[in-house]
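Fold and contact review
Here is how the chains run, residue by residue.
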Amino acid sequence: MRRLVGTDAWGYLHRKLKRKVYIYLAIFIIMTGISAYDILSGHINILLAAGAWGLGFLLGYLSGRAKKILWHQEEELVVGKRDKKGIVVLIIYIVFALTRREIFGYWLHGIMLTAFCFCLIAGTRLGRIIRLRRKIRKVLLEQGLI
């Protein structure tokens, strides 16, 4: 978000969309810190953590489809809306998020499973942030604002 935050373009984002970006960033930073702690403590192998991050990134990027980013003419702001396809993607993502322990619990146990899930969450947040940023930039470019 560095090219959007602190620029005039950041002012064209709806406050709910800004709040969502900040929440995603906060969760990402917290989960990254926990993941780093787990790696340094030896709770999870760095390769397994990287795999969880990669899988999480892929899932987060794909689940970024759940929100449609568009220009609202009346408010002259970039807003986020859900469409029918996005709701289906969101439901699939929620089901996966709720069952990831059962899915990965077959191979991983105890603290390693918890560390793996934290790495997975950090990756999903990063994927969502990047997808959201790209969608926002695309709308702002279409409007000639950046």
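Above this note sits the structure.
Residues numbered from 1 in each chain as written. Predicted model: local features only at pLDDT ≥ 70, side-chain atom pairs only at ≥ 80, totals over all residues. Heavy atoms only, no water.

Here's the deal with the layout of surface pockets
Gaps left between atoms are located by rolling a probe of water-molecule size over the structure's atoms. Note the threshold: A cavity here means a set of 1 Å grid points, computed over protein atoms only, where a 1.4 Å probe fits but cannot escape. A pocket is an open set with protein on both sides within 12 Å along at least 5 of 7 lines, and lining residues have an atom within 4 Å of a point. Grid points are joined across faces, edges and corners, and a volume is the space filled by probe spheres set on the points. A run of H or I in DSSP counts as a helix once it spans at least four residues, and a run of E counts as a strand once it spans at least two, with each numbered from the N terminus. Put simply, Ala, Val, Leu, Ile, Met, Phe, Trp, Tyr, Cys and Pro go in the nonpolar bin, Asp, Glu, Lys and Arg in the charged bin, and everything else, Gly too, in the polar bin.
Considered as a void within the structure, the largest pocket measures approximately 280 Å³ in volume. Lining the largest pocket are 13 residues, with H14, K16, L17, K67 and G80 positioned closest to its centre. Looking at which element gives the most residues to the lining of the largest pocket, the answer is helix 1 (residues 15-41), with 6 residues. Tallied by class, residues from the lining of the largest pocket come to 4 nonpolar, 3 polar and 6 charged.

Things to note about the nonpolar core
Soluble, globular proteins show a tendency: their nonpolar side chains are buried together. To keep things clear, this is the line we draw: Side-chain atoms within 4.5 Å are what join buried Ala, Val, Leu, Ile, Met, Phe, Trp, Tyr and Cys residues into a set we call a nonpolar core. For each residue, the accessible area found with a 1.4 Å probe, counting protein chains only, is set against the maximum for its type, and the residue is called buried under 20%, exposed over 50%, and partly exposed in between.
Formed by 14 residues in total, the largest nonpolar core has its most connected members in L13, L17, I69, V78, L132 and I136. Secondary-structure elements contributing two or more residues to this core are helix 1, strand 1 (68-72) and helix 4 (110-142). Broken down by element, the residue count for this core peaks at 5 residues, all from helix 4. Residues A49, A52, F104 and C119 belong to the second largest nonpolar core, which totals 12 residues.

Topic: the side chain of D38
In plain terms, the rule: Contacts were defined at the residue level, with two residues in contact if any of their heavy atoms lie within 4.5 Å.
Mapped onto the secondary structure, D38 falls in helix 1. Residues contacting D38, with those up to four places away along its chain left out, are H43, I44, A115 and F118.

Some details on the packing of helix 2 (residues 46-63) against helix 4
Here is the rule we go by: For helices, the axis comes from a line fit to the C-alpha atoms of the stretch in contact; other axes are also lines fit to C-alpha atoms, and the angle between any two N-to-C directions lies between 0 and 180 degrees. Convention used here: angles under 35 degrees read as roughly parallel, angles over 145 as roughly antiparallel, angles from 65 to 115 as roughly perpendicular, and any remaining angle as oblique. Note on convention: near helix rotated counterclockwise from far helix by under a right angle means a left-handed crossing. Clockwise means right-handed.
Relative to each other, helix 2 and helix 4 sit at 40 degrees, their axes nearing to 6 Å. By the angle between their directions, the pair helix 2 and helix 4 is classed as oblique. You can see that helix 2 and helix 4 cross each other, and the crossing is right-handed. For the contact of helix 2 with helix 4, the class distribution of residues is 16 nonpolar, 6 polar and 3 charged.

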